[in-house]
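A closer look at the structure
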Amino acid sequence: MSITIYHNPACGTSRNTLAMIRQSGEEPRVVEYLVTPPSREELAALIRAMGIPVRDLLRRKGTPYDALGLDDPKWTDEELIDFMMAHPILINRPIVVTPLGTRLCRPSEAVIDILPNPDIGPFVKEDGEIIPVRKAARA
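The following refers to the structure shown.

To continue, consider the state of the cysteines. Two cysteines joined by a covalent bond between their sulfur atoms form a disulfide. Across all of its chains, the model carries zero disulfides by this definition. The cysteine Cys11 is free of any disulfide, with Cys105 supplying the nearest cysteine sulfur at 11 Å. A relative accessible area of 0% means that Cys105 is categorised as buried.

A rise of 1.5 Å per residue sets the reference length of helix α1 (residues 12–23), with its 12 residues, at 16 Å; its end C-alpha atoms lie 16 Å apart and thus fit the reference within 8%. Buried within α1 are the following residues: Ser14, Asn16, Thr17, Leu18, Met20 and Ile21. On the buried face of α1, the contacting elements are β1 (4–7), β2 (29–32), β3 (95–98), β5 (123–124) and β6 (130–131). Just downstream of α1 lies Gly25, where phi reads positive at about 100°.

So, about the pattern of salt bridges. Inspection of the entire model under this criterion finds nine salt bridges. The partner of Arg60 in a salt bridge is Asp71, with the nearest N and O atoms 2.7 Å apart. Linking Arg60 in the loop between α2 (40–50) and α3 (77–86) with Asp71 in the loop between α2 and α3, this pair joins segments that are 11 residues apart in sequence. Taking the relative accessible area as the measure of exposure, Asp71 reaches 48% and is therefore partly exposed.

The four strands lie next to each other as β2-β1-β3-β4, forming an open sheet whose pairing is mixed. A strand with exactly one partner marks an edge of an open sheet, and here the two such strands are β2 and β4 (101–104). The average undirected angle you get between the axes of adjacent strands in this sheet is 15°. Note: β1 against β2, four bridges, orientation parallel. Bridge assignment links His7 to a residue of β2, and that residue is Glu32. In the packing of α1 onto the sheet, the strands contacted are β1, β2 and β3, and the crossing angle to β1 comes to about 160°. Contacting β1, β3 and β4, α2 runs over the sheet at an angle of about 95° to β4.

Leu57, Leu70, Met84 and Ile95 are the most contacted members of the largest nonpolar core, which totals 22 residues. Those elements giving two or more residues to this core turn out to be α2 and α3. If you tally residues by element for this core, the top one is α2, at five residues. Apart from residues lying up to four places away in sequence, Ile95 is in contact with Thr4, Ile5, Tyr6, Leu46, Met50, Leu57, Thr102, Arg103 and Leu104.

With that settled, consider the pairing of β1. Residues Thr4 and Tyr6 point to one face of β1 and Ile5 and His7 to the other, with burial holding for every one of them. The parallel pair β1 and β2 is bridged by α1, and the resulting crossover is right-handed. In this structure, β1 lies alongside β3, joined through three bridges in antiparallel fashion. Looking at the pairing, Thr4 lines up with Val97 of β3.

To continue, consider the packing of aromatic side chains. Tallying each qualifying case throughout the model produces one aromatic pair. Taking 4.9 Å as the distance between ring centres and 85° as the angle between the ring planes, the aromatic pair formed by Trp75 and Phe83 counts as edge-to-face. Sitting over the face of the ring of Trp75, Lys74 holds its NZ or CZ atom 4.5 Å from the ring centroid.

What counts and how
Residues numbered from 1 in each chain as written. Predicted model: local features only at pLDDT ≥ 70, side-chain atom pairs only at ≥ 80, totals over all residues. Heavy atoms only, no water. Disulfide = S-S within 2.5 Å. Buried < 20%, exposed > 50% of the residue type's maximum accessible area, 1.4 Å probe, protein only. Helix = DSSP H or I, 4+ residues; strand = E, 2+ residues; numbered from the N terminus. Expected span 1.5 Å × (residues − 1). Contact = heavy atoms within 4.5 Å. Salt bridge = Lys/Arg side-chain N within 4 Å of Asp/Glu carboxyl O. Pairing = 2+ DSSP bridges. Axes fitted to C-alpha atoms, helices over the stretch in contact; angles between N-to-C directions. Core = buried A, V, L, I, M, F, W, Y, C linked by side-chain atoms within 4.5 Å. Right-handed = clockwise from strand over helix to strand, strands pointing away. Phe/Tyr/Trp six-rings, centres within 6.5 Å; stacked < 30°, edge-to-face > 60°. Lys NZ or Arg CZ within 6 Å of the ring centre and 35° of its normal.

Dropping the structure here:
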């Protein structure tokens, strides 16, 4: 099974998501996207695979989002991708790719729905929140 997580080790949501993947029995390919950002083509492909608007992938908190005026609707999708390429911190995380789909995993338990083995048992997040045993909702 091939799973990839676009990960920021400084982010609790990203760390929780990575731990859930590992608890499912998988060792994912971990891409620290601030160190090794995806190429423009990879980023565009991830956005298409998630089926979300480009704006939905922008992270505001702790980024130059406000300083760059990214709230302005004048920016095209291509321009927003340019900003993410220039400032990878603008890419929201974690993004997880599995054979069952690609998802921005916010909250972290969103990853369960795309894990090949969704029966990870109970999980305790770093902040102490307990994620009860649940099975993924398969279509």
